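Coordinate analysis (summary)
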Amino acid sequence: MTKSPAFAPRLLSSRAESPDVRTFRFASPPGFAFVPGQFLLLHFEDDPRTWRAYSLCSPPARAAEWFELTVGTVGAFSARLGALRPGAESGLAARGPFGRWTYDGSPARAVLVSGGTGLAPFRAMIAHALDRGAAARLALRASARTPSRLLYRAEYDAWRRAGVDVRATITRPGELGLGERWDGETGRWTSERVLAAGGPGAVYYLCGPAGLVNGLGAGLRAAGVPAERVRSEAWGDYADQLT
Ligand SMILES: Cc1cc2nc3c(=O)[nH]c(=O)nc-3n(C[C@H](O)[C@H](O)[C@H](O)COP(=O)(O)OP(=O)(O)OC[C@H]3O[C@@H](n4cnc5c(N)ncnc54)[C@H](O)[C@@H]3O)c2cc1C
């Protein structure tokens, strides 16, 4: 495991994003800072061999005070994390931030394509662009199985007002829950749909399940986008439980 010093993150608050997903706000350790796109490695002290990565999803500008992680409950580790409550002894340890899949606010247009919880690091990238007055360079193409699984929906209007081109699609419109409505786009983001959000020189950031990330990445490269302008972060080869 890495040599960067571990810290014990203190949970300040948490909120539900969807039935299976929660966002956790932790107090930052002294001197904490990160670049959007980076992640932390977490483990519980009674199980030091099990580490999991979670993307920093909060505004980098607030990192000196607090940071947020959004966690989808899919297995034993994420379920334990999902059950954390402020004030309780958590036994949680963190290392990081890590990762070179980052967005530096460069002048190129950036198209951010996510599946499910893959939206988490893009929330930090969008906050960073908003702070720098660069939001109009960003297009977000989010996807989730059903509307209730679309993360951060309450924030989309503010992102749009700042100039981000925000669109979301639902991939399983036949599985809407009781009382759920969706009048928006349906189906997966294809390379054609994603390219339409880009333009000459655009950079494509892809994040989420390996199927989405690798499939779209191959489609973009086949359409002539140079490999260095397709920046992929695949979280694993999972069937899209939450996407
Ligand atoms: C760089 C990086 C950043 C990540 N950031 C986040 C993040 O911000 N939020 C987050 O929830 N997860 C994130 N993950 C995934 C996370 O590290 C764990 O893999 C995940 O929480 C599952 O761990 P587990 O032990 O609970 O389940 P496991 O027992 O390890 O896995 C259970 C099943 O769920 C699948 N799975 C793993 N991740 C997901 C997911 N996100 N959605 C649906 N199915 C999944 C696994 O492939 C497996 O089939 C990230 C992974 C990487 C590599």
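Refer to the preceding data block for the structure.
What you see is a predicted model; the values in this text were computed from it and never measured.

What counts, and where the lines are drawn
- Residues numbered from 1 in each chain as written.
- Predicted model: local features only at pLDDT ≥ 70, side-chain atom pairs only at ≥ 80, totals over all residues.
- Heavy atoms only, no water.
- Pairing = 2+ DSSP bridges.
- Helix = DSSP H or I, 4+ residues; strand = E, 2+ residues; numbered from the N terminus.
- Axes fitted to C-alpha atoms, helices over the stretch in contact; angles between N-to-C directions.
- Phe/Tyr/Trp six-rings, centres within 6.5 Å; stacked < 30°, edge-to-face > 60°.
- Lys NZ or Arg CZ within 6 Å of the ring centre and 35° of its normal.
- Salt bridge = Lys/Arg side-chain N within 4 Å of Asp/Glu carboxyl O.
- Buried < 20%, exposed > 50% of the residue type's maximum accessible area, 1.4 Å probe, protein only.

1. So, the sheet that holds strand 4 (residues 52-55)
The antiparallel open sheet is built from three strands, whose spatial order is 4-3-6. Edge positions in the sheet fall to strand 4 and strand 6 (92-98), since each of these pairs with one other strand and no more. Going from strand to strand, the sheet's axes swing by 30° on average, the running direction of each strand aside.

2. A look at the packing of aromatic side chains
Considering all chains together, one arrives at 13 aromatic pairs under this definition. Over the aromatic face of Trp66 sits the side chain of Arg25, whose NZ or CZ is 3.6 Å from the ring centroid. The ring of Phe44 has Arg80 lying over it, and the distance from NZ or CZ to the ring centre is 4.0 Å.

3. With respect to the pattern of salt bridges
Overall, the coordinates contain 16 salt bridges when judged by the stated rule. We note a salt bridge from Arg149 to Asp20, for which the minimum N-O separation is 3.3 Å. Of this pair, Arg149 sits in the loop between strand 8 (138-144) and helix 3 (156-162) while Asp20 sits in the loop between strand 1 (10-18) and strand 2 (21-27); the two residues are 129 residues apart in sequence, bridging distant segments of the chain. Arg149 gets classed as buried once you look at its relative accessible area, which sits at 17%. For the salt bridge of Asp46 with Arg80, the shortest nitrogen-to-oxygen distance reads 2.9 Å. With Asp46 in the loop between strand 3 (39-44) and strand 4 and Arg80 in helix 1 (residues 76-82), this pair connects stretches of sequence that are 34 residues apart. Judged by relative accessible area, Arg80 falls into the partly exposed class, the value being 36%. If you follow the salt bridges from partner to partner, you end up with Arg15, Glu17, Arg25, Glu68, Arg123 and Glu155 in one network.

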